[in-house]
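The residues making up each chain are set out below.
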Amino acid sequence: MAHKKVNLPQKTCPVCQRPFAWRKKWEKDWAQVIYCSEKCRRGNGNDSPIVKVE
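The rules we used
- Residues numbered from 1 in each chain as written.
- Predicted model: local features only at pLDDT ≥ 70, side-chain atom pairs only at ≥ 80, totals over all residues.
- Heavy atoms only, no water.
- Phe/Tyr/Trp six-rings, centres within 6.5 Å; stacked < 30°, edge-to-face > 60°.
- Helix = DSSP H or I, 4+ residues; strand = E, 2+ residues; numbered from the N terminus.
- Buried < 20%, exposed > 50% of the residue type's maximum accessible area, 1.4 Å probe, protein only.
- Contact = heavy atoms within 4.5 Å.
- Salt bridge = Lys/Arg side-chain N within 4 Å of Asp/Glu carboxyl O.
- pLDDT = per-residue confidence, 0-100.

Draft legend 1. Examining the packing of aromatic side chains more closely. Evaluated as defined, the whole model comprises 3 aromatic pairs. Taking the centre distance of 6.0 Å and the plane angle of 70° together, the rings of Phe20 and Trp30 count as edge-to-face. Here the residue Phe20 occupies a position in strand β2 (residues 19–21), and Trp30 occupies one in the loop between β2 and α1 (38–42), the gap between them amounting to 10 residues. Take Phe20 and Trp30: they sit in the same class, and that class is buried.

Draft legend 2. Region of interest: the environment of Cys36. Structurally, the position occupied by Cys36 is in the loop between β2 and α1. We classify Cys36 as partly exposed; its relative accessible area is 22%. Taking C-alpha positions, Cys36 is 9.8 Å from Trp22, a pair spaced 14 residues apart along the chain. Discounting residues that sit within four places of it in the chain, Cys36 has contacts with Cys13, Cys16, Phe20 and Trp26.

Draft legend 3. Looking closely at the pattern of salt bridges. Scanning all chains against the criterion turns up 3 salt bridges. With a shortest N-O distance of 2.3 Å, Glu38 and Arg41 are connected by a salt bridge. Residue Glu38 and its partner Arg41 are located together in helix α1, separated by 3 residues, close to a single helical turn. On the accessibility criterion, Arg41 (48% relative accessible area) is partly exposed. Taken together, the shared-partner salt bridges in this structure form one network comprising Glu38, Arg41 and Arg42.

Draft legend 4. Representation of the confidence of the model for the protein. On average, residues of the protein score 82 in pLDDT, and 72% of them reach the 70 mark or higher. Element-level pLDDT for the protein is lowest in α1, with a mean of 90, against a maximum mean of 94 in strand β1 (residues 10–12).

In structure tokens:
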């Protein structure tokens, strides 16, 4: 039976404000995961959130 990805837990990244879902590589330390990516974890050299212009 296939795994249903719609049931994965989600968090919101404090840097970019985007939601991100649980990943297998975070299985053992999901409680400590804060950022969605390495780029957000580094802060990209500033403290302001990434603003998407539409």
